[in-house]
Amino acid sequence: MNNRFLNSIPESVLKVTLTLMIGLATLSFLHGQVKTGSWGDQGNGTYINPILYSDYSDPDVIRVGEKYYMVCSEFHFIGMPVLESDDMINWTIVGRVYDRLDFPGYNTNEKYGRGSWAPALRYHNNRFYVYFCTPDEGLFMSSSEKAEGPWDPLLLVKETPRWEDPCPFWDEDGRAYLGHSMVGAGPIIIHRMSEDGKQLLDDGVTVYTGPVAEGTKIHKKDGYYYLSIPEGGVERGWQTVLRSKSIMGPYEKKVVLEKGSTNINGPHQGSLVDTPDGEWWFYHFQSDGAMGRVVHLQPVWWSEGWPVIGVDIDRNGIGEPVFVWKKPSIKGNFAITAPQTDDDFNKSSLGLQWQWNHNPVNEAWSLTTKPGWLNLNALKAENFTKARNTLTQKVIGTTGETATELDITALAEGQKAGLCSMGGKIINLIGVMKKDGKLFLFIENNGKITAEKPINAKKVWLNFKIDIKGGQNQFLYSTDNKTFTPFGDIFGTAFGYWKGTRIGLFSFNEKENGGTASFNWFTYKYDGPGGSKK
């Protein structure tokens, strides 16, 4: 191939071709060297998607200086975590935006699938801002000088039902705007907003209508306003980018990422992020069954004023997701980590990985009444889905094992306490209950007790072996923390209420308030990077 021929090829085409060759060469080189099912940082300068194999749905990511920050949808789980990364691949939870939603239904467990939808995170005038909508109450905002917090109390910017997926934007001239869509997806509407971000100044202008168009993120680059929007729905969608010289349009349109010939369904809804050295990347989710919506990272470069995301494997002009890729070129040596999981309950506060199912009752739990233990005082509830103070965290990776030590000496008549699996509407419990003055180990599936046996002990150790993809999840128990016995049937989990599978601790009483379950520690080992870390 001579130089004249090479010079005749547009630079953008050369870049696409070169990137494709590098990606395929890297994939070929690594094939057989990486552990099947592994994900995230591979420790050799590459990563495997998903980079975060956990239900961080609708992720929004920004860079502040040399650090990166992420937020995500949490729906009825309380509250919203803030994650931090040095290298865009390895993440740690560093803060929480809010601790409760003080509106009807959140104290009575009636808001499954409602709550916080698709937040946006931005940094403006040396402050972090988070905006999100709840489908019933309206548009909320909070801000903080630090990602760790403290975050300001939630401000209801606009009381209105059926809004979703907001994103603020501050222009160079100081003017502020807010884009959003409507529940059911679309259209994309942009409002003028006060410079302090606390109120909207007009009724908004519809700038785009498309198939299930939602989740808009607003950027400005080289004189163009860009709206990055997911379209087509959660499981089958694609990513569209609009651009215009005016924020109110009219906008040009280009589809920039699709499933194509890959097995990554619905690669969309996320954020464009740059590095200090000018690299660009795109975070998005993939709807992955009972795992929920997991986080992928795609390389990005720019051609003729449009972002090119992933690699155009089938050569139709639209990018497709990569499986394995070179990590972002960020200087430094960074530890391979993942969001926290374990908790020994020895600190004055719960680990940031924990989230309550609906609003907590703070008077009914304690880390100080019995130092080194988490006490969950049982409140009356007719069943698990109505139980207050169920403490949950996300499943990470497709396989793993959780364990906890439970002191059952203070259980009261009618009380149930133990370890839970929440997979949408599929609820499985292992625990101890007290009835007729006696203690029983029990298994419960969707409100029906499927196994029980008397237990004569002061403590019990509960174990949950997780196999999400195989549907081979199994509870076990021990009375000496040495020999563990399977108990109950093998079960599957599912996606539901817009969330993936959760694990957690519970304590409630079907008769009246009363009784205390004391948990000494909680551990969780899982496949993938950082799986043995606390």
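On a predicted model such as this, the values are computed, not experimentally measured, just so you know. (Residues numbered from 1 in each chain as written. Predicted model: local features only at pLDDT ≥ 70, side-chain atom pairs only at ≥ 80, totals over all residues. Heavy atoms only, no water.)

## Quick word on empty space enclosed by the protein
Enumeration according to the criterion identifies four cavities of 30 Å³ or more in this entry. Y56, P81, I93, P339, Q340, T341, L352, Q353, Q355, Q393, K394 and I396 are the residues that line the largest cavity. Of the residues assigned to the lining of the largest cavity, the class counts are six nonpolar, five polar and one charged. Here the second largest cavity defines a volume of roughly 70 Å³. As for the second largest cavity, its lining consists of H76, F77, Y112, M422, G424, I427, G496, Y497, K499, G500 and R502. (1 Å grid on protein atoms, 1.4 Å probe; cavity = no way out; pocket = protein on both sides within 12 Å on 5 of 7 lines; lining within 4 Å. Points joined across faces, edges and corners; volume = space filled by probe spheres on them. Nonpolar A, V, L, I, M, F, W, Y, C, P; charged D, E, K, R; others polar.)

## Here's the deal with the packing of aromatic side chains
This model, assessed by the stated rule, comprises 26 aromatic pairs. Centre to centre, the rings of Y129 and W170 are 5.0 Å apart; their planes meet at 45°, and the pair counts as tilted. Pair noted here: Y129 is in strand β9 (residues 127-134) and W170 is in strand β12 (residues 163-170), with a separation of 41 residues, a long-range link. For Y129, a relative accessible area of 8% puts it in the buried group. Their ring planes at 40° and their centres at 5.0 Å tell us that F475 and F491 sit as a pair that is tilted. With F475 in strand β36 (residues 474-478) and F491 in the loop between β37 (485-486) and β38 (502-509), this residue pair connects regions lying 16 residues apart in the sequence. For the pair F475 and F491, a shared accessibility class is recorded, and that class is buried. Put simply, the rings of Y98, F103, F132 and F140 touch in pairs and so form one group of aromatic residues. For the cation-ring pair, K245 lies above Y224, with the distance from its terminal atom to the ring centre recorded as 4.2 Å. Against the face of F442 rests K416, its NZ or CZ located 5.4 Å from the ring centre. (Phe/Tyr/Trp six-rings, centres within 6.5 Å; stacked < 30°, edge-to-face > 60°. Helix = DSSP H or I, 4+ residues; strand = E, 2+ residues; numbered from the N terminus. Buried < 20%, exposed > 50% of the residue type's maximum accessible area, 1.4 Å probe, protein only. Lys NZ or Arg CZ within 6 Å of the ring centre and 35° of its normal.)

## Quick notes on the pattern of salt bridges
A side chain with one charge can pair with a side chain of the opposite charge if their charged atoms come near. Under the defined criterion, the tally for this structure stands at 31 salt bridges. Here D86 ties to K67 by a salt bridge, and the two come within 2.6 Å at their closest N and O atoms. Of this pair, D86 sits in the loop between β6 (81-85) and β7 (92-96) while K67 sits in strand β4 (residues 67-71), placing them 19 residues apart in sequence. Look at D86 and you get partly exposed, because its relative accessible area is 30%. Relative accessible area serves as the criterion here: at 30%, K67 is assigned to the partly exposed category. (Salt bridge = Lys/Arg side-chain N within 4 Å of Asp/Glu carboxyl O.)

## A closer look at the layout of surface pockets
For the largest pocket, the calculated volume is near 550 Å³. Lining the largest pocket are 21 residues; nearest its centre among them are R122, F169, I218, H219 and K220. Those elements that provide at least two residues to the lining of the largest pocket are β3 (60-64), β8 (117-124), β12, β16 (217-221) and β20 (268-274). Per-element tally for the lining of the largest pocket: the top contributor is β3, with five residues.

## A short note on the confidence of the model for the protein
Looking at the protein as a whole, its pLDDT mean stands at 92, while 92% of the residues score no less than 70. Confidence over residues 1-37 falls short of pLDDT 50; this stretch has 23 contacts with residues more than four positions distant or in other chains. (pLDDT = per-residue confidence, 0-100. Contact = heavy atoms within 4.5 Å.)

## With respect to the nonpolar core
Counting residues in hydrophobic clusters, the biggest one holds 64 residues, and the most contacted among them are F345, L350, L374, V460 and L505. At five residues, strand β39 (residues 516-526) tops the list of elements feeding residues into this core. L350 has contacts with D343, F345, W356, W365, L367, L374 and L391, leaving out every residue within four places of it along the chain. (Core = buried A, V, L, I, M, F, W, Y, C linked by side-chain atoms within 4.5 Å.)

## Digging into the side chain of Q474
Positionally, Q474 belongs in strand β36. Looking at Q474, its side chain comes within polar contact range of the main-chain oxygen of F487, at 3.3 Å. Ignoring sequence-local partners within four residues, the contact set of Q474 consists of N463, F464, K465, P486, F487, G488, D489, I490 and F491. (Polar contact = N/O pair within 3.5 Å; in protein donor to acceptor, adjacent residues only side chain to side chain.)

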